[in-house]
Amino acid sequence: MAETDLAGLLRVLERHGVRYVVIGAQAAVIHGVPLLTEDLDITPARDPENLERLAAALRELEALLRSPTDPEGVAFPIDARMLSTAETWTLVTRVGDLDLAFSPAGTQGYEDLRKDAIAVDLGDALVVRVASLADVIRSKEAAGREKDRMQLPLMRRTLEEIRTHERERR
């Protein structure tokens, strides 16, 4: 898959009324952290109605399971019941890679992340909820993966710069 069309993925989720929070490296990038990332990570709400809307969006995106043995992806039944059976889904879609994490490390999921999430206008009438940088850091620390440990110093420095700027504005 070529470069992920972030706006394309988000527009489909928005069109279907999916309730979610952008998380992970993409959330950090939106907050100004200078990172490269190739996919979109989200935490969707788990209620049955939202899972139905999410399934409809994934069908429109022609989502397939990402597989190390099959770069094109593997078909699976995209419905609310199936989505409710796992904590994470790593997907390839017609517009890029999308990861779903219902309970990211160090968090209690959508309701927890939604509390401090901010609405971000990405242009062209696309406004999405993005996890706070502090919550992204909390999750990356809890996950403890090597790639997360490598990103954390940049995230912490950016968070400190944001906080310093906010104090100076007061």
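Now for a description of the structure that goes with this document. None of these values were measured; they are calculated from a predicted model. (Residues numbered from 1 in each chain as written. Predicted model: local features only at pLDDT ≥ 70, side-chain atom pairs only at ≥ 80, totals over all residues. Heavy atoms only, no water.)

## Focus on the pattern of salt bridges
Applying the stated criterion across every chain, the model contains 15 salt bridges. A salt bridge links E60 to R15, with the shortest nitrogen-to-oxygen separation between them at 2.4 Å. Separated by 45 residues along the polypeptide, E60 in helix α3 (residues 48-60) and R15 in helix α1 (residues 6-15) bring together distant segments of the chain. Of the charged contacts, one joins D148 and K140 as a salt bridge, the two residues approaching to 3.0 Å between their closest N and O atoms. (Salt bridge = Lys/Arg side-chain N within 4 Å of Asp/Glu carboxyl O. Helix = DSSP H or I, 4+ residues; strand = E, 2+ residues; numbered from the N terminus.)

## Overview of helix α7 (residues 146-169)
Between its terminal C-alpha atoms α7 stretches 36 Å, which fits the 34 Å expected from 24 residues at 1.5 Å a residue. The largest bend in α7 comes to about 35 degrees, at L152, with the proline P153 one to four residues further on. Buried residues of α7: D148, Q151, L152, M155, T158 and L159, and no others. Buried residues belonging to α7 abut α2 (24-30) and α6 (133-143). (Expected span 1.5 Å × (residues − 1). Bend = angle between axes of the 7 residues up to and from the residue. Buried < 20%, exposed > 50% of the residue type's maximum accessible area, 1.4 Å probe, protein only. Contact = heavy atoms within 4.5 Å.)

## Let's talk about the nonpolar core
L10, L54, L58 and L100 are the most contacted members of the largest nonpolar core, which has 51 residues in total. Contact partners of L100, with chain neighbours within four places excluded, come to I42, P44, L54, L58, L83, E87, T88, W89 and L91. (Core = buried A, V, L, I, M, F, W, Y, C linked by side-chain atoms within 4.5 Å.)

## With respect to α3
Taking 1.5 Å of rise per residue, the 13 residues of α3 would be expected to cover 18 Å, and the 19 Å separating its terminal C-alpha atoms lies within 8% of that figure. Considered for burial, the residues of α3 that qualify are N50, L51, L54, A55, A57 and L58. Looking down the long axis of α3, one finds its buried residues gathered within 165 degrees of arc, a one-sided arrangement. (Arc of directions from axis to C-beta.)

## So, the packing of aromatic side chains
All told, the structure shown has 1 aromatic pair when counted by the stated rule. A centroid spacing of 5.2 Å and a plane angle of 20 degrees characterise the contact between F76 and W89, whose relative ring orientation is stacked. Of this pair, F76 sits in the loop between β3 (64-65) and α4 (80-83) while W89 sits in strand β4 (residues 88-93), and the two are 13 residues apart along the sequence. Exposure remark for F76: the relative accessible area of 13% places this residue in the buried category. (Phe/Tyr/Trp six-rings, centres within 6.5 Å; stacked < 30°, edge-to-face > 60°.)

## Some words on the layout of surface pockets
In this structure, the largest pocket spans a volume of roughly 590 Å³. In this structure, the largest pocket is lined by 28 residues; those nearest its centre are G24, D41, K140, R145 and K147. The dominant element in the lining of the largest pocket, judged by the number of residues it contributes, is α6, at 5 residues. Among the residues making up the lining of the largest pocket, the classes are represented as 11 nonpolar, 8 polar and 9 charged. (1 Å grid on protein atoms, 1.4 Å probe; cavity = no way out; pocket = protein on both sides within 12 Å on 5 of 7 lines; lining within 4 Å. Points joined across faces, edges and corners; volume = space filled by probe spheres on them. Nonpolar A, V, L, I, M, F, W, Y, C, P; charged D, E, K, R; others polar.)

## Comments concerning the packing of α6 against α7
Between α6 and α7, whose axes approach to 10 Å, the crossing angle comes to 155 degrees. On the basis of the axis angle, α6 is roughly antiparallel to α7. The hand of the α6/α7 crossing is left-handed. Every residue of α7 that contacts α6 at L133, A134, V136, I137, K140, E141 and A143 is listed here: D148, Q151, L152, M155, R156, T158, L159, I162 and R163. (Axes fitted to C-alpha atoms, helices over the stretch in contact; angles between N-to-C directions. Parallel < 35°, antiparallel > 145°, perpendicular 65-115°, else oblique. Left-handed = near helix turned anticlockwise from the far one by under 90°.)

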